[in-house]
Amino acid sequence: SRNAGMAPGKKGGDKVAATDLKREEKLQAVVLADLCARKLRPATFDGPKALMPLANAPLLEYTLEFLCAGGVEEVFVFASHGAEAIEAYLAAVQPRFAPTALRCIASRAPCFSAGDALREVFEANVIQGEFVLAPGDLVTNLSLTALVAAHRAAREKDKDTLMTTCFTRVPAGHRIRGSDDGAVLVIDSASGRLLHYEPLPDGIVPRAECKAATDDEEGAPAGDEEGAPAPPRFHLPLELLDAVSGSSEVAVRTDLLDTRIDVCTLEVLTLLVDNFDWGDLRTDVLSSVLSSDILGKTVHVHEMGPDSVVGAATAPFTARVHDWRTYGELSADLLARWAFPLVPDSNLLSPMDVVGGQPGAPVESARLCTTNRQSRGNVYAESDVTLARSAAIGVRVLLGGGTTVGVDARVTRSILGRRCVISDKATVADSVLWAGVRVGEGATVRGAVLCEGVIVGVGATVGAGCVVGRGVVIGAGVTLPARTLYTRHAARALKPKNADDDEEDYKADWWAEGDADGDDDAFSDSEPDEPLTGSPGAEVAMPDTARALGAGGVGFLHAHSGPLSSFACARPPPAPPLEPDESDDGGEAEDAEVGKDSAFVDNALDILAGMLEDGNAVDNIVLEVNALKFAYNGSVADCAAVSLRAVLAAVHVTALRAEGTIEGVPPRKALLSQLKKAICRWSPLLRRYVSSDEDQADLIEALEGLSEPLPWTSEIFQYVLQALYDDDVLPETVIVAWAAEAEMTAPEGSARKARCTQCQAFLTWLAEAESDDDEGED
């Protein structure tokens, strides 16, 4: 070596020593496994949030996969709840993640914040240098390598860099965001240095609340239209002007999602130890560091884009499980393959059998990966699934190994864990069933989460937004009200308002789960809005098995979920529930054709719902719809009809959200406001399928047919027709021809006759406009 003869202490020798030391440093990571777990009750009563199943794999495993794929050599999982279970899980999956070492750090005292957790990590004396900090509820296909490289580049230019935080562009109010994770960031565009951070805890406020606020505060900005959210309001300190004076360009961003992935220096831990009152890494650490001239530290922001994804992924995806709503959204997105390559059939993740205590799990589990295979309609199933010949499996379904679906049973847009049993004539739609769940004959489960080992009795109904905890038994014929939460633990049962127990004593055990705050509007321990099933009009009291869950039921009512954090608030399905197939076993050709058409509609509506809400390009949407058209031998008219139906279904959903609710029919004014914007936005899509007069006439016929799946469209039929005319989807000649034909052939008192009468004002306006044009030409 050229430097071999150099004496110790010479500059060249120091460089070699520094290089060797740098080469020996490990890239380490700290995962905060289960802070803020209260919003996922009652599931977290029986185990840590980090080991909840997500698409039949432990939630924590998605974070581990991200870290290990990014070159992390040692991962420390900090557990403040369920440390023994997490430690056993890490030991079980260690061979799969080798050579990355997985270790668990158990909390020695209750942790109320990330600051408390990281102070215990510092005391464990395991972090040697810079490290990656990540939450345990993260699902992402981003490349960690790009983030680490950005941090090291920032450190080369600025030795005072304390940490680099990772953000990705997700517009405020997007369905996958938490309701309170908004923030304003002021960033030096040239260097990526964060100059100012201000949280927006209220996120995007519903229009009704914004209007009330502006009535009280003169000059406050309102939304642009009725039903639209008001823009976020924030204040920037005057001192910021000095900080930005030397910057060539400064960006003020409110559209960035905080992934909570940070690359930190060791100084982050020492600062937390020195400042014991720092709890939250954003509101405390960032705010204090950015506003302090004494500390002299800087923070940099790295925005992950399309060029920062792993492998064959084409679009960045990042989401976290904040509550049951985001749990439902994320489950649906995984089945729709938005998080590629983290999709069920890639079989990159471990099954839930590696987590102890799974109902019916074999004593020895040799497989460390799932065995899913994908079929048409994004249906995934493991190899040992049993389906009755007449069982109907819809789109976007995941079936875990050992699951049985009985005669005439229906499963659509749902996830079933291993060893589930769906009995004859039962229906499961838009739900997540964990391992070992049994659904009785003729029972219905829609829009719910059933934890491990839940039993649903014969003919029972589980309402939208229900979450049923582990081991609960629902009696035969019982109907669970929407958005109710149940647990098998009597100590966690909902207490009446006039209970003698002191409220503080009742809430004293909240911190046992590592909750980050003592107040949470997502759940209410007050009286429910409606009485329990079986006791109409009765005053709420401590529920017993017979009242809450019927005869033979086991469990207690725990709470009522707020509408905006409920599992039922996840994206509503645009398609109607899968209806029983009335065809006989003979397989008539006509019945087969009907089944084929239904499959095309179900698949197309499911795909369109996600693509419209995410604002995909029209060309991409057309590619997806055309692929289904060829797969199911559909027609151009079929594509036009299903596209119109999907657009109108999206109108209904956005109108409900604008009113701050998820159920019922929104006011007419809200529907019309959203209708105008939706038709204007998606008219290029509709025009792709209506190039001739015949196509346009078929589209009006399809609009008439929507009165059954979307009954509210009958009341605003003329406005839909006018919106299609205004945006050049339907010409005047075709509309007038339809009206003349309907007037002549439709029987008196028929629905078509009523629609024609409803459109008279619009038709008169068209005729007068045509007359004015003719006079002008003369």
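Let me sum up the structure you'll find in this document. (Residues numbered from 1 in each chain as written. Predicted model: local features only at pLDDT ≥ 70, side-chain atom pairs only at ≥ 80, totals over all residues. Heavy atoms only, no water.)

Some remarks on the overall build of the protein chain
Next, step 1: The number of helices and strands found in the protein chain is 21 helices and 36 strands.
Next, step 2: Counting across all 778 residues of the protein chain, residues that qualify as buried make up 52%.
Next, step 3: Summarising the internal contacts of the protein chain: among those between residues at least 6 apart in sequence, 62% fall at separations of at least 24.
Next, step 4: Of the roughly 34400 Å² of accessible surface on the protein chain, 51% is carried by carbon and sulfur atoms. (Helix = DSSP H or I, 4+ residues; strand = E, 2+ residues; numbered from the N terminus. Buried < 20%, exposed > 50% of the residue type's maximum accessible area, 1.4 Å probe, protein only. Contact = heavy atoms within 4.5 Å. Areas by Shrake-Rupley, 256 points an atom, 1.4 Å probe, with all protein chains shown as cover.)

Remarks on the packing of aromatic side chains
Next, step 1: Scanning the model with the defined rule gives five aromatic pairs in all.
Next, step 2: On the basis of an interplanar angle of 65 degrees and a centroid distance of 5.9 Å, the ring pair of Tyr725 and Phe762 is categorised as edge-to-face. Of this pair, Tyr725 sits in helix α18 (residues 717–726) while Phe762 sits in helix α21 (residues 760–777), placing them 37 residues apart in sequence.
Next, step 3: Their ring planes at 80 degrees and their centres at 6.1 Å tell us that Tyr725 and Trp765 sit as a pair that is edge-to-face. Pair noted here: Tyr725 is in helix α18 and Trp765 is in helix α21, with a separation of 40 residues, a long-range link.
Next, step 4: When its relative accessible area of 42% is taken as the criterion, Trp765 is described as partly exposed.
Next, step 5: By way of ring pairs, the aromatic residues Tyr725, Phe762 and Trp765 are connected into one cluster.
Next, step 6: Of note, Arg681 hangs over the ring of Trp682, and the distance from its end group to the ring centre comes to 4.0 Å.
Next, step 7: If you follow Arg755 out to its NZ or CZ, it ends over the ring of Phe717, 5.8 Å from the centre. (Phe/Tyr/Trp six-rings, centres within 6.5 Å; stacked < 30°, edge-to-face > 60°. Lys NZ or Arg CZ within 6 Å of the ring centre and 35° of its normal.)

Notes on the nonpolar core
Across soluble globular proteins, nonpolar side chains show a tendency to be buried alongside one another.
Next, step 1: With 56 residues, the main nonpolar core has Leu648 and Leu721 as its most contacted residues.
Next, step 2: Those elements that provide at least two residues to this core are α13 (589–613), α14 (618–631), α15 (636–658), α16 (668–687), α17 (693–705), α18, α19 (732–745) and α21.
Next, step 3: With nine residues, α15 is the single largest residue contributor to this core.
Next, step 4: Each residue touching Leu648, except ones within four places of it in the same chain, is listed here: Leu675, Leu703, Leu706, Leu710, Trp712, Thr713 and Val720.
Next, step 5: Within the second largest apolar cluster, 36 residues are counted, among which are Val93, Phe97, Val132 and Leu138. (Core = buried A, V, L, I, M, F, W, Y, C linked by side-chain atoms within 4.5 Å.)

Thoughts on unusual backbone geometry
Next, step 1: A cis amide bond links Arg41 to the next residue, Pro42, at an omega of 5 degrees.
Next, step 2: The omega torsion of the bond from Phe340 to Pro341 falls at 10 degrees, within 30 degrees of zero and hence cis.
Next, step 3: As for its placement among the helices and strands, Pro341 is situated in the loop between α10 (324–335) and β15 (373–375).
Next, step 4: For Ala55, which is not glycine, the phi dihedral falls at a positive 55 degrees.
Next, step 5: With respect to the helices, strands and loops of the structure, Ala55 is situated in the loop between β2 (53–54) and β3 (57–58).
Next, step 6: Under the relative-accessibility criterion, Ala55 is labelled buried at 10%.
Next, step 7: Positive phi, close to 60 degrees, is recorded for Asp408, a residue that is not glycine.
Next, step 8: Given a relative accessible area of 30%, Asp408 falls into the partly exposed group.

So, the sheet that holds strand β18 (residues 392–393)
Next, step 1: Across the sheet, which stays open at both edges, the six strands sit in the order β18-β21-β24-β27-β30-β33 with parallel pairing between neighbours. What marks the edges here is a single partner per strand, and that holds for β18 and β33 (479–480).
Next, step 2: Alignment of strand β24 (residues 427–429) against strand β27 (residues 444–446), held across three bridges, turns out to be parallel. Bridge pairing in β27 links Thr427 to Thr444. (Pairing = 2+ DSSP bridges.)

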